[in-house]
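# Analysis of the macromolecular model
Residues per chain, in single letters:
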Amino acid sequence: MGNKRSYSLDVLRIIATILIIFHHYQQVTGAYFEGHINFSNGRFYFGYIVEFFFLLSGYFMYRYVEKVNKGLPFKEFFIPRVLRLLPLVFVSSVVEQTFLGIYKTTCAGGTGFDSVLISVWGVVLNALGLQSGWVFNGYMINNPTWYISVLLLCYVVFYLLTYLSKRWQIPHTYLFAFMVLLGCGVQTYGLNLPFLNGSSCRGYYAFFFGVLLAEWLEKLNAAKRSQNIYIFWGSIMSVAFLLCMMVYKWEWVAGGINYLMTFWFYPALIIIFSSRPLTKLFDHRFIGALGKITYDAYIWHCPNFLLLYIIPAITGKGWDLLTAKAMLVYTAGSFAVGAVSYYALERPINHGVKKLLEKQQSNP
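Read on for an overview of the structure. Since the structure is predicted, the reported quantities are computational estimates derived from the model, not experimental observations. (Residues numbered from 1 in each chain as written. Predicted model: local features only at pLDDT ≥ 70, side-chain atom pairs only at ≥ 80, totals over all residues. Heavy atoms only, no water.)

On to the overall build of the protein chain. Within the protein chain one finds 15 helices and 0 strands. Here the C-alpha atoms of the protein chain give a radius of gyration of 21 Å, agreeing with the 21 Å that 2.2 N^0.38 yields for 364 residues. Taking the principal axes of the C-alpha coordinates as reference, the protein chain spans close to 65 × 60 × 45 Å. A buried classification covers 49% of the 364 residues belonging to the protein chain. (Helix = DSSP H or I, 4+ residues; strand = E, 2+ residues; numbered from the N terminus. Rg over C-alpha atoms; globule rule 2.2 N^0.38 Å. Buried < 20%, exposed > 50% of the residue type's maximum accessible area, 1.4 Å probe, protein only.)

Attention now moves to the environment of L308. Note that L308 resides in helix α14 (residues 307-315). Note: C-alpha distance between L308 and D320 (12 residues apart in sequence) is 10.0 Å. For L308, the contacting residues outside a window of four places in its chain are Y25, T29, W319, L321 and Y330. (Contact = heavy atoms within 4.5 Å.)

It is worth spelling out the nonpolar core at this point. Core analysis: the biggest nonpolar cluster contains 110 residues, and F158, F207 and F208 have the highest contact counts within it. No other element matches helix α6 (residues 146-167), which puts 13 residues into this core. Residues contacting F208, with those up to four places away along its chain left out, are C154, V157, F158, L161, F176, M179, V180 and G203. (Core = buried A, V, L, I, M, F, W, Y, C linked by side-chain atoms within 4.5 Å.)

Taken N-terminus to C-terminus, the directions of helix α4 (residues 74-106) and α14 make an angle of 45°; their axes are 10 Å apart at the nearest point. Here α4 lies oblique to α14, going by the angle between them. As for how α4 packs across α14, the hand of that crossing is left-handed. On α14, the residues touching F99, I102, Y103 and T106 of α4 are L307, Y309, I310 and A313. Residue composition of the contact of α4 with α14, grouped by class: 7 nonpolar, 1 polar and no charged. (Axes fitted to C-alpha atoms, helices over the stretch in contact; angles between N-to-C directions. Parallel < 35°, antiparallel > 145°, perpendicular 65-115°, else oblique. Left-handed = near helix turned anticlockwise from the far one by under 90°. Nonpolar A, V, L, I, M, F, W, Y, C, P; charged D, E, K, R; others polar.)

So, about helix α2 (residues 49-61). With 13 residues, α2 should reach 18 Å at 1.5 Å per residue; the first-to-last C-alpha distance of 19 Å fits that figure. Along α2, 12 of the 13 residues are buried, which leaves the element largely enclosed by surrounding structure. Within α2, burial applies to I49, V50, E51, F52, F53, F54, L55, L56, S57, G58, Y59 and M61. (Expected span 1.5 Å × (residues − 1).)

What follows deals with the packing of α4 against α6. Where α4 contacts α6, the axes come no closer than 11 Å and their chain directions differ by 180°. In terms of axis orientation, α4 runs roughly antiparallel to α6. Contacts between α4 and α6 involve F74, F77, F78, R81, V82, R84, L85, L86 and V89 from the first element and I148, L151, L152, Y155, V156, F158 and Y159 from the second. Here the contact of α4 with α6 is composed, by residue class, of 14 nonpolar, no polar and 2 charged.

With that settled, consider a nonpolar patch on the surface. A contiguous nonpolar surface patch, about 740 Å² in accessible area, is contributed by V120, W121, V124, L128, V135, F136, Y139 and F195. By the element assignment, Y139 lies in the loop between α5 (120-128) and α6. (Patch = residues over 30% accessible without salt bridge, like charges linked within 9 Å, V, L, I, M, F, W, Y side chains within 5 Å. Areas by Shrake-Rupley, 256 points an atom, 1.4 Å probe, with all protein chains shown as cover. Salt bridge = Lys/Arg side-chain N within 4 Å of Asp/Glu carboxyl O.)

Assignment of secondary structure puts L196 in the loop between α7 (172-189) and α8 (198-223). Take L196: its relative accessible area is 25%, and that puts it in the partly exposed class. Each C-alpha atom of the pair L196 and A127 lies 21 Å from the other, and the pair is 69 residues apart in sequence. When near neighbours in sequence (up to four residues on either side) are disregarded, L196 contacts L182, V186, L191 and Y204.

Okay, the pattern of salt bridges next. Going through the model one piece at a time under the given rule, you end up with 4 salt bridges. Here R202 makes a salt bridge to E51, at a shortest N to O gap of 2.8 Å. With R202 in helix α8 and E51 in helix α2, the pair connects residues that are 151 residues apart, well separated along the chain. R202 sits in the buried class, given a relative accessible area of 12%. The salt bridge involving E215 is made with K219; its shortest N-O contact spans 3.2 Å. On the criterion of helical spacing, the pair formed by E215 and K219 is a turn pair, its members being 4 residues apart in helix α8.

Let us look at unusual backbone geometry. Residues other than glycine seldom take positive phi values, yet Q169 does so here, at roughly 55°. Tracing the sequence through the fold places Q169 in the loop between α6 and α7. If you check the backbone angles, F195 has positive phi at about 70° while not being a glycine. By secondary structure assignment, the location of F195 is in the loop between α7 and α8. The class of F195 is partly exposed, set by a relative accessible area of 34%.

Take the packing of aromatic side chains next. Tallied over the entire structure, the rule returns 41 aromatic pairs. Ring centres of F158 and F207 lie 6.3 Å apart, and the angle between their planes is 80°; on these two criteria the pair is classed as edge-to-face. A residue pair is termed long-range when its members are at least 10 positions apart, and F158 in helix α6 and F207 in helix α8 qualify at 49 residues. Exposure remark for F158: the relative accessible area of 0% places this residue in the buried category. An aromatic cluster of three or more residues is present, and its members are Y64, F74, F77, F78, Y155, F158, Y159, F176, F207 and F208. The ring centre of Y64 lies 4.4 Å from the NZ or CZ of R81, which sits over that ring. Across from the ring centre of Y155, 5.5 Å away, lies the NZ or CZ of R81, which sits over that ring. (Phe/Tyr/Trp six-rings, centres within 6.5 Å; stacked < 30°, edge-to-face > 60°. Lys NZ or Arg CZ within 6 Å of the ring centre and 35° of its normal.)

These figures come from the coordinates and say nothing about function on their own.
Encoded structure:
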């Protein structure tokens, strides 16, 4: 749980990003592969992979419990995250709206983008990270960025609960467990209120369970190192069992599959990929580099869907989007765009933000 980057968990992040791109590709293009796995309109809803991203974010957030308890100010905790995440969200929303305008003037239509409206207010909400889960709803420009909005909300709640747990002398685990139950309850009963809605609840129950998972594993590793091998093999068997149920007895796990994935499958994967054998196997900088660009690939993969229709309309040369090969090429292209975005946009922005924050700290 130190600050060293975990390349083995980057592998999970890379796989999850690829599956999300597959999911949205089939969703947008309508591609369907008869007799094969379908990532949209198939048996399993691959959109629940977003819960994995929330869970992993909470898992890495656990280290900040101690920092907040030692007096880390909210400004120093929250602002760096806002400045790291939101600039790319804003740029991508502007580009997406630009592409949408070109699409509406050059393409004949017949896709799901026909009903999407250009909205300046939506761009503003995206730029502020308020497009989903907070007070406003239905103004998402680059749809996958709803995850970023809810993640920022989870950061705020995390800091508040950690601060209150020390002030009220209540174990923070109780408050985090309450957020898990609250998220499940909001989803179960279909509430649609500010901060308590379908988007925020997915963040609450997955993010805060990730925090609890990290704390449990840290205490377990400190107290019972000899039992790690049993936890490792138990996790492997758990993953294998649930996969078998999903393939052969889907009706047994279909109800509440999002909870089974969040509270069982994903934690088991994190335990497996955090084990010493896999951390050694995947200890390579190339994996770390791919892991770093997953955020950019995630942010850009939906705006670039518009190019699939704009380019043929402008050039007069069409292409077949309904094949697995096209989906794989698009996914590879998304990672290529993500790499350009990371080195040309995200990293320079992060470098500038870091220097700005260091200057402010040196001149209070």
